[in-house]
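# Descriptive analysis of the structure
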Amino acid sequence: MGPIDEWDPALVAALDLLLGSSFPIFITWGPDDQIFFNDAYAPIVEMKGECLGLPFREVFREAWPTVSPPFMRALSGEASFSEDFEVPLLRGGGLARSWWSFSYSPARDIGGTVRGVLGIVYETTGRLLAEQALRSSEAALRSVTDAAPGLLWRCGADGALSWMNQTLQTYLGLSLPTDVRLQDCIHPDDLGRAEATRSEAEAGPQAFSGQFRLRDADGRFRWFFIRAQQVWTGDGRLVGWCGSAVDIHDWRLAATVARDGQDLVKEVAEASASLLWTIDLASGTITGLNPEFRTAWALRPSGE
């Protein structure tokens, strides 16, 4: 580069700006694209030894096929910006995947001729990997919840649904985003009881639970056992509910039939127009089953 007092004033001004910045910046200059960088950029090349003043393509030999297109555009006078751009880098003794957001701009001399590239860079690898892990975790959770036979959801404090598993979406015939509230899907005859249960849960630590009918996509109602847990903020403010519902419709119908059957037997047995008895064929003993039998046959109250 020669003595520093002979350097182009534009280069000196760019270096002053670069060295005074806490953001990772480099600049290349001259026909060999020799690289200069500030302290914030130093960690990026810490595994490359003493590389200050070396040609850019030699310093980043492994990345050159990837970054050369925007680099060469800057040398031709065209600035560019790349976001979350994957760049292979030598790290830890091997080639590693990394992602960067960077701007490459032409570096011009005092006469306006492009003499190099000014690069402002920021690594986004950590953020992208964290986002990928989160998406993977969310996908796994979605697979589990969608495979669950029950209805699962999350709603705000006002009951507005913010998340549903696929089972609930199919049952209600909805998809997110939606402005539907869970209480909009409860049978009108059950709504008052549901609101009272919710008010009790909001006033204390107990969860919301009970048997209620929910409307399906075709407008029909089925019985569900519903349980929902409050979601509180750190200062004790209710911000939503996480809930589940298990279909108990067939069980409710069976229980109703059994209860009605028992009531019917009782009504028949106690009807005044009926005489009911059993007979032991071996002994010929007759046992009355209702009071009218004994009265009609003039039997003692406890006799046979």
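A short tour of the structure in this document, coming up. For clarity, every value in this text was computed on a predicted model and none was experimentally measured.

## A short note on the pattern of salt bridges
Scanning the entire structure with this criterion turns up 17 salt bridges. Between Glu78 and Arg73 there is a salt bridge, with its nearest N and O atoms 4.0 Å apart. Since its relative accessible area comes to 41%, Glu78 is described here as partly exposed. Between Arg127 and Asp84 there is a salt bridge; the shortest N-O distance is 2.6 Å. Here the residue Arg127 occupies a position in helix 4 (residues 125-147), and Asp84 occupies one in strand 3 (residues 80-91), the gap between them amounting to 43 residues. For Arg127, a relative accessible area of 37% gives the class partly exposed. When salt bridges that share partners are traced, they join Asp84, Arg127 and Glu131 into one network.

## Things to note about the pairing of strand 9 (residues 221-232)
The sheet contact formed by strand 8 (residues 208-215) and strand 9 spans 8 bridges and is antiparallel. Residue pairing for strand 9: Arg215 is matched across the bridge by Phe221. In this antiparallel pair of consecutive strands, strand 8 and strand 9, the connection spans 5 residues, and Gly219 shows a positive phi of 85°. When strand 9 meets strand 10 (residues 238-247), the two strands line up antiparallel, connected through 9 bridges. The partner of Ala228 across the bridge, within strand 10, is Gly243. Linking strand 9 back to strand 10 in an antiparallel pair, the connection comprises 5 residues, with Gly236 at a positive phi of about 85°.

## Remarks on helix 4
Between its terminal C-alpha atoms helix 4 stretches 33 Å, which fits the 33 Å expected from 23 residues at 1.5 Å a residue. Taken together, the buried positions of helix 4 are occupied by Thr125, Leu128 and Thr145. Structurally, helix 4 contributes buried residues whose contacts are with strand 3, strand 4 (94-108), strand 5 (114-123), strand 6 (151-156) and strand 7 (161-164).

## Some words on the sheet that holds strand 6
Two pairing modes exist for strands in a sheet, parallel and antiparallel, and in both the strands are linked by backbone hydrogen bonds. Taking strand neighbours across the sheet as the criterion, the 5 strands line up as 7-6-10-9-8 in an open arrangement whose pairing is antiparallel. With partners counted over all chains shown, the strands left at the sheet margins are strand 7 and strand 8, one partner each. Shown here is a sheet whose adjacent strand axes are inclined to one another by a mean of 30°, direction ignored. Packed on one face of the sheet, helix 6 (residues 188-203) meets strand 8, strand 9 and strand 10 and runs near 150° to strand 8.

## Focus: the sheet that holds strand 4
The strand order across the open sheet formed by 5 strands is 2-1-5-4-3, and the pairing between neighbours is antiparallel. Both outer strands of the open sheet, strand 2 (34-37) and strand 3, are each paired with one neighbouring strand and no more. Averaged over neighbouring strand pairs, the angle between their axes works out to 35° when direction is ignored. Pairing of strand 1 (residues 25-29) with strand 5, which is carried by 3 bridges, proceeds in the antiparallel orientation. When the bridges of strand 5 are listed, Ile25 appears paired with Ile120. The sheet strands contacting helix 1 (residues 9-19) are strand 1, strand 2 and strand 4, and the helix crosses strand 1 at an angle near 160°.

## A few points about the side chain of Gln183
By secondary structure assignment, the location of Gln183 is in the loop between helix 5 (166-172) and helix 6. Only 2.9 Å separates the side chain of Gln183 from the backbone oxygen of Asp158, close enough to count as a polar contact. Residue contacts for Gln183: discarding those within four places in its chain leaves Asp158, Gly159, Leu191 and Glu195.

## Some thoughts on a nonpolar patch on the surface
The grouping of Phe23, Ile120 and Tyr122 at the surface amounts to a nonpolar patch, some 280 Å² of accessible area in total. Within the secondary structure layout, Phe23 lies in the loop between helix 1 and strand 1. For Phe23, a relative accessible area of 37% gives the class partly exposed.

## Regarding the nonpolar core
When a protein is soluble and globular, its nonpolar side chains tend to lie buried together. Of all hydrophobic cores here, the largest spans 23 residues; its most connected members are Leu151, Trp153, Leu161, Phe208, Leu214 and Ile226. At the level of elements, strand 6, strand 7, helix 5, helix 6, strand 8, strand 9 and strand 10 are the ones that each hand at least two residues to this core. Beyond its immediate sequence surroundings of up to four residues, Phe208 is in contact with Ala194, Thr197, Arg198, Ala201, Ile226, Arg227, Ala228 and Trp241. Counting 22 residues, the second-largest nonpolar core is a separate cluster that includes Phe37, Tyr41, Phe56 and Trp100.

## Concerning the packing of aromatic side chains
For the structure shown, the criterion picks out 16 aromatic pairs. Where Phe208 meets Trp241, the ring centres are 6.5 Å apart and the plane angle is 75°; that geometry is what we call edge-to-face. Taken together, the residues span a long stretch of sequence, with Phe208 in strand 8 and Trp241 in strand 10 at a distance of 33 residues. The class for Phe208 is buried, based on a relative accessible area of 9%. The structure contains a cluster of three or more aromatic residues connected by ring pairs, namely Phe26, Phe37, Tyr41, Phe56, Phe60, Trp64, Phe71, Phe85, Phe102 and Tyr104.

Rules used in this analysis
Residues numbered from 1 in each chain as written. Predicted model: local features only at pLDDT ≥ 70, side-chain atom pairs only at ≥ 80, totals over all residues. Heavy atoms only, no water. Salt bridge = Lys/Arg side-chain N within 4 Å of Asp/Glu carboxyl O. Buried < 20%, exposed > 50% of the residue type's maximum accessible area, 1.4 Å probe, protein only. Helix = DSSP H or I, 4+ residues; strand = E, 2+ residues; numbered from the N terminus. Pairing = 2+ DSSP bridges. Expected span 1.5 Å × (residues − 1). Contact = heavy atoms within 4.5 Å. Axes fitted to C-alpha atoms, helices over the stretch in contact; angles between N-to-C directions. Polar contact = N/O pair within 3.5 Å; in protein donor to acceptor, adjacent residues only side chain to side chain. Patch = residues over 30% accessible without salt bridge, like charges linked within 9 Å, V, L, I, M, F, W, Y side chains within 5 Å. Areas by Shrake-Rupley, 256 points an atom, 1.4 Å probe, with all protein chains shown as cover. Core = buried A, V, L, I, M, F, W, Y, C linked by side-chain atoms within 4.5 Å. Phe/Tyr/Trp six-rings, centres within 6.5 Å; stacked < 30°, edge-to-face > 60°.

So, to be careful, I would describe these as geometric facts and stop short of saying anything about function.
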